[in-house]
Amino acid sequence: MTYINLIKPTNELPNYMNYLRLTISFIGFINSISWISLIAEELINVLKFISIFIDVSDTILGLTLFAIGNSIGDMISNITIAKMGFPLMSLAACIGGPLLNLLLGIGVDGLVVLLNSSNGINELKFDLNLTLYISIFCFLINLCFILIYVPLNSWRIDKNVGLTLIGIWSFGTTIWILIELFN
């Protein structure tokens, strides 16, 4: 609807109506971003309270619950794109989406922290615990597996690739939870 209103305006309406439609569309976009931000902030506060209540670390919360919640929308859109007959676009979105989140997430967060620092700190320090090292290791195993297996499999991604990647993720998640329980 917005596309039709902005790109193909009707000749029957006065010209100021087109600007009014553009303004209303922009206000609606800003409003939806505001609502998403508000709901996400409240959801994070509730989940943080639950994690404190049941004594779960922020790392496990981020690696499991937030990661799954963040990836569900991407997974649905990637499956839809693949079923529409664009498997390469879906594969590129599988790699590009998390990469964009990682680079922009760390980059923008670091920029905000550095701009807000009043004591002149020019670097950001991360405290990596064993759980994050294991997650990075599992991530690298996944990447290496894809880089080696897919070319050897005539550039086909089959059920073996999916099952192996899910298995590596399940193994890593089990290790994270065991470390969390016994630490």
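If you're wondering where the values come from, they're calculated on a predicted model, not measured in any experiment.

K.L.:
When you look at helix α3 (residues 58-83) in this model, what are you seeing that I'm missing?
P.N.:
Because the α-helix completes a turn every 3.6 residues, residues three or four places apart line up on one side. The end-to-end C-alpha distance of α3 is 36 Å, a good match for the 38 Å that 26 residues give at a rise of 1.5 Å each. The largest bend in α3 comes to about 35 degrees, at A67. Three or more residues of α3 are buried, namely T59, I60, L61, L63, T64 and N78.

K.L.:
How should the UniProt feature "transmembrane region" (unreviewed entry) in the protein be read in this particular structure?
P.N.:
Those places that UniProt annotates as "transmembrane region" (unreviewed entry) correspond, in this numbering, to residues 20-40, 46-68, 88-108, 128-149 and 161-179. Taken as a whole, residues 88-108 contains 100% helix and 0% strand, while its terminal C-alpha atoms sit 29 Å from one another. Strand forms 0% of residues 161-179 and helix 100%; the C-alpha atoms that close the span are 27 Å apart.

K.L.:
Explain the packing of aromatic side chains to me, please; I cannot follow it from the model alone.
P.N.:
Aromatic rings considered in pairs are described by the distance between their centres and by the relative angle of their planes. Counted by the stated rule, this structure contains two aromatic pairs. Aromatic pair F49 and F53: ring centres 6.1 Å apart, planes at 20 degrees, arrangement stacked. A residue pair is termed a helical-turn pair when its members lie 3 or 4 positions apart in one helix, as F49 and F53 do in helix α2 (residues 15-53) at four residues. Using a relative accessible area of 55% as the deciding quantity, one classes F49 as exposed. Residue classification places F53 among the exposed positions, given a relative accessible area of 67%. Each ring, one from F145 and one from Y149, has its centre 5.2 Å from the other, and the planes form 10 degrees; the classification is stacked. One end of the pair, F145, and the other, Y149, are both in helix α5 (residues 130-152), four residues apart, so they sit about a helical turn from each other. Judged by relative accessible area, which is 23%, Y149 ranks as partly exposed.

The rules we used
Residues numbered from 1 in each chain as written. Predicted model: local features only at pLDDT ≥ 70, side-chain atom pairs only at ≥ 80, totals over all residues. Heavy atoms only, no water. Helix = DSSP H or I, 4+ residues; strand = E, 2+ residues; numbered from the N terminus. Expected span 1.5 Å × (residues − 1). Bend = angle between axes of the 7 residues up to and from the residue. Buried < 20%, exposed > 50% of the residue type's maximum accessible area, 1.4 Å probe, protein only. UniProt positions renumbered as here; feature names shortened; annotations may be inferred. Phe/Tyr/Trp six-rings, centres within 6.5 Å; stacked < 30°, edge-to-face > 60°.

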